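Summary of the model geometry
The lines below spell out each chain.
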Amino acid sequence: MQVRRLEITGAFEFTPRSFPDHRGLFVAPFQEEPFREATGHGLRVAQTNHSVSARNVIRGVHFADVPPGQAKYVYCPRGALLDIVVDVRTGSPTFGRWEAVRLDSAEYRSLYLAEGLGHAFAALTDDTVMAYLCSTAYDPPSEHGIDPLDPKLDLPWTELDGEPVLSDKDRTAPSLEQAAERGLLPDYQNCLARYEQLRTTG
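Residues numbered from 1 in each chain as written. Predicted model: local features only at pLDDT ≥ 70, side-chain atom pairs only at ≥ 80, totals over all residues. Heavy atoms only, no water.

As annotated in an unreviewed UniProt entry, the protein carries the name dTDP-4-dehydrorhamnose 3,5-epimerase family protein and comes from Saccharopolyspora montiporae. The UniProt entry for the protein carries the following comment under Sequence similarities (unreviewed entry): "Belongs to the dTDP-4-dehydrorhamnose 3,5-epimerase family." (UniProt positions renumbered as here; feature names shortened; annotations may be inferred.)

Okay, the packing of aromatic side chains next. Under the definition given, this model contains 8 aromatic pairs. On the numbers, 5.5 Å between centres and 40° between planes, the contact of F14 with Y73 is tilted. Linking F14 in strand 2 (residues 11–15) with Y73 in strand 7 (residues 72–78), this pair joins segments that are 59 residues apart in sequence. With respect to burial, F14 and Y73 carry one shared label: buried. (Phe/Tyr/Trp six-rings, centres within 6.5 Å; stacked < 30°, edge-to-face > 60°. Helix = DSSP H or I, 4+ residues; strand = E, 2+ residues; numbered from the N terminus. Buried < 20%, exposed > 50% of the residue type's maximum accessible area, 1.4 Å probe, protein only.)

A word on the pairing of strand 6 (residues 58–64). Burial runs high along strand 6: 5 of the 7 residues are buried. Pairing of strand 6 with strand 11 (residues 118–123) involves 4 bridges; the strand directions are antiparallel. Among the inter-strand pairings, R59 is bridged to a residue of strand 11, identified as F121. Here strand 6 runs beside strand 13 (residues 143–145); their pairing, made up of 3 bridges, is antiparallel. By the bridge assignment, H62 is partnered in strand 13 with G145. (Pairing = 2+ DSSP bridges.)

Moving on, we get to the UniProt feature "active site" (unreviewed entry) in the protein. The UniProt record annotates "active site" (unreviewed entry) at H62 and Y132. On the basis of their most widely separated C-alpha atoms, the annotated residues across 71 residues gather in one place, lying no more than 13.2 Å apart. Set against the largest cavity, the annotated residues named above that line it are H62. For H62, a relative accessible area of 26% gives the class partly exposed. If we skip the residues at most four places from it in the chain, H62 touches K72, L117, G118, H119, H144, G145 and D170. (1 Å grid on protein atoms, 1.4 Å probe; cavity = no way out; pocket = protein on both sides within 12 Å on 5 of 7 lines; lining within 4 Å. Contact = heavy atoms within 4.5 Å.)

Evaluated as defined, the whole model comprises 1 cavity of 30 Å³ or more. Its boundaries defined by the atoms lining it, the largest cavity holds a volume of some 60 Å³. The wall of the largest cavity is formed by H62, F63, A64, Q70, K72, A114, G116, L117, H119 and E143. Of the residues forming the lining of the largest cavity, the biggest block, 3 residues, is contributed by strand 6. A breakdown of the residues in the lining of the largest cavity according to their chemical character gives 4 nonpolar, 4 polar and 2 charged. (Points joined across faces, edges and corners; volume = space filled by probe spheres on them. Nonpolar A, V, L, I, M, F, W, Y, C, P; charged D, E, K, R; others polar.)

Laid out in structure tokens, this is it:
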């Protein structure tokens, strides 16, 4: 398993080895030992999610209140997508910045986003599947979103080959600036305290 620490604190890319043969292919997208070595703690999985998206569908930018927050380990078992981590933590040295990683069913690369980070992706093919391992269960009151088309964020949707397809909820979400003004964004120091707590407790 190859591991790459992204420039945004709390985000990691994992690339597993694949084992193809005449029967098909075997791959382990999540492996606890390299995950623990990279992050300093294990991954508690409270819920798994599975989404299927048509080409040009954008989901996100989504994040949750911290504490408790919701960390995500995501990969693409079918199709291809552009996965994006957005730093929405106020006070962070990389606040407002984003990094994009292509996830697909050719390399089975995965992305881990710690609590407090924003997450969005765009499907690059029809019937693209996203698999999520989530550290906490879905809790509607603590879930928030930011407009993925916010011009100040300038997310790289130019890679899409058509008009973006969004849910009404994502399309009407506030901009990053509006979310900050409303006090919706996680605090960076609270997030760091949460990460340290995880490393301490395992």
